[in-house]
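# Structural features, examined
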Amino acid sequence: MSTTDVDANTVVLAADRVTSAIRAMQPVEPLRDLLGVDDIALAYAVQEELTRRRIADGAVVVGRKIGLTSPAVQQQLGVDQPDFGVLFADMDLSGAAEVPSRRLLQPKAEAEIAFVLRTDLADGDLDDEQIRAAVGHAVAALEIVDSRIANWDITITDTVADNASSGLFVLAEQKLSLDEFEPREVEMRMYADDVLVSEGTGAACLGDPLNALAWLARTAKEYGNPLRAGQIVLSGALGPMVPTPPGTRIRAEIGPLGSVSATFSRKEG
């Protein structure tokens, strides 16, 4: 994907703004004054620049996340289409005793299905049969979304540029193949401190989490960085996201995939 010289300067300015938020651990103003509200290609160029910087600093890419797949979440954020971001190894807190709240600015939790790929999704028609065959297994997951944009005041370009508002993630241990369950049929219930705070179904994720995976496979290929074997794909929220202030315990039950949980540390922890 190419940009004009003016756009290249804009990419650097927007990436610098996000980087400043990360370094100072303080949210910044929205990026749409630089990017506009509908130039999604330019926003992904910012995301690519931020990814390049992270890799140059030693970060390792382990997969992608799909965002804004649930109508409930789209309504919460005022957007009308999905997006994707990059998952890095240091975002994976599976099995950790606590989620370190100090690493987060404005966290919220989403319950979703994670797919782990056994084959690349780089060539071919990327039809439904190929998408299903590429999935090695699925697990229950919590995505801890976060925004470097103050007050979550985002449009689609703000969130895309900000790595699709990615934060951290937690994967459950139980693994199921697609022969053992149908993602679109699962029912999800998520609890905060044992109070039901979000619920939904697999069908809430673009009609089927596998539809979300197919969308990502085609879009990632279009942007020149297709999905690869071994990568994790967080397929998108199955219900509304909820804030997770320090000390919160989140637990989600996702049908036959079982439960996944995370406890957020006190701020100083």
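In what follows, the accompanying structure is described.

Cut-offs used in this document
Position numbers for residues start from 1 in each chain and track the written sequence from start to end. Owing to the predicted nature of the model, reporting of local features is limited to residues with pLDDT of at least 70; listing and counting of side-chain atom pairs is limited to 80 or more, with chain, interface and lining totals taken over all residues. Excluded from the side-chain calculation are hydrogens and water; included are all heavy atoms of the structure. Residues enter a nonpolar core if they are buried and are Ala, Val, Leu, Ile, Met, Phe, Trp, Tyr or Cys, with the set joined through side-chain atoms within 4.5 Å. Burial here depends on accessible area, computed with a 1.4 Å probe over protein chains only, as a share of the maximum for the residue type. Under 20% is buried, over 50% is exposed, and the range in between is partly exposed. Runs of H or I in DSSP of at least four residues are treated as helices and runs of E of at least two as strands, each being numbered from the N terminus. The contact rule is simple, with two residues in contact once any of their heavy atoms fall within 4.5 Å. The method works on a 1 Å grid over the protein atoms by themselves. A cavity is a set of points holding a 1.4 Å probe that cannot get out, a pocket is an open set with protein on both sides within 12 Å along at least five of seven lines, and residues with an atom within 4 Å of a point line them. Grid points are joined across faces, edges and corners, and a volume is the space filled by probe spheres set on the points. Polar here means any residue other than Ala, Val, Leu, Ile, Met, Phe, Trp, Tyr, Cys and Pro, which are nonpolar, and Asp, Glu, Lys and Arg, which are charged; Gly is therefore polar. Each helix should span, by expectation, one fewer than its residue count multiplied by 1.5 Å. By the criterion applied in these results, polar contacts are pairs of N or O atoms within 3.5 Å in which, for protein atoms, one can donate a hydrogen and the other can accept it, and in which residues neighboring in sequence qualify only through two side-chain atoms. Strand pairing follows a simple DSSP-based rule, namely that at least 2 bridges must link the two strands. For helices, the fitted axis covers only the stretch in contact; all axes are lines through C-alpha atoms, and the angles between them, taken along N-to-C directions, range from 0 to 180 degrees. A pair of aromatic rings is counted whenever rings of Phe, Tyr or Trp (Trp by its six-membered ring) have centres within 6.5 Å, and the orientation is called stacked for planes under 30 degrees apart, edge-to-face for over 60 and tilted otherwise.

Before going further, it helps to spend a moment on the nonpolar core. By size, the foremost hydrophobic cluster in this structure holds 86 residues, and its most contacted members are Ile113, Leu142, Met190, Leu213 and Ile254. Top element by residues in this core is strand 4 (residues 135–145). It accounts for 8 residues. Not counting the four nearest positions on each side in its chain, Ile113 is found in contact with Ala138, Val139, Phe181, Pro183, Val186, Pro209, Val233, Leu234, Ser235, Leu238, Ile254 and Leu257.

What follows covers the layout of surface pockets. Estimated volume of the largest pocket: approximately 610 Å³. The wall of the largest pocket is formed by 26 residues, among which Val18, Ile22, Arg54, Phe88 and Arg148 lie closest to the centre. Those elements that provide at least two residues to the lining of the largest pocket are helix 1 (5–24) and helix 3 (40–56). Here the element with the most residues in the lining of the largest pocket is helix 3; it accounts for 5 residues. Of the residues contributing to the lining of the largest pocket, the split by class is 10 nonpolar, 6 polar and 10 charged. Quantified by volume, the second largest pocket comes out at close to 200 Å³. In this structure, the second largest pocket is lined by 14 residues; those nearest its centre are Glu48, Arg64, Phe84, Val86 and Asn225. The element that contributes the greatest number of residues to the lining of the second largest pocket is helix 3, accounting for 5 residues. Considering only residue class, the lining of the second largest pocket consists of 7 nonpolar, 5 polar and 2 charged.

So, on to helix 7 (residues 209–222). The end-to-end C-alpha distance of helix 7 is 20 Å, a good match for the 20 Å that 14 residues give at a rise of 1.5 Å each. Residues of helix 7 that are buried include every one of Pro209, Leu210, Ala212, Leu213, Ala214, Leu216, Ala217, Thr219 and Ala220, and no others. The elements touched by buried residues of helix 7 are strand 1 (61–67), strand 2 (83–88), strand 3 (108–117), helix 5 (128–134), strand 4 and strand 8 (232–237). Backbone nitrogen of Leu210 and a side-chain oxygen of the N-cap are separated by 2.9 Å at the start of helix 7; the cap is Asp208. Gly224 lies just past helix 7 and shows a positive phi near 85°.

Ordered in space as 7-6-10-11, the 4 strands form an open sheet in which the pairing is antiparallel. At either end of the open sheet lies a strand with only one pairing partner, and these are strand 7 (195–201) and strand 11 (259–263). On average, each strand axis in the sheet is inclined to that of its neighbour by 15°, with strand direction left out of account.

Let's shift gears to empty space enclosed by the protein. For the structure on display, the rule yields 2 cavities of 30 Å³ or more. Roughly 30 Å³ of internal volume is contained in the second largest cavity. Lining the second largest cavity we find Tyr191, Asp193, Asp194, Arg249, Ile250 and Arg251. The dominant element in the lining of the second largest cavity, judged by the number of residues it contributes, is strand 10 (residues 249–254), at 3 residues. In terms of residue class, the lining of the second largest cavity is built from 2 nonpolar, no polar and 4 charged.

The description of an aromatic ring pair rests on the distance of the ring centres and on the angle between the ring planes. Going through the model one piece at a time under the given rule, you end up with 4 aromatic pairs. When the ring of Tyr44 is compared with that of Tyr223, the centres are 4.8 Å apart and the planes differ by 55°; the resulting orientation is tilted. Of this pair, Tyr44 sits in helix 3 while Tyr223 sits in the loop between helix 7 and strand 8; the two residues are 179 residues apart in sequence, bridging distant segments of the chain. For Tyr44, a relative accessible area of 4% puts it in the buried group. Cluster of aromatic residues (ring-pair linked, three or more members): Tyr44, Phe84, Trp215 and Tyr223.

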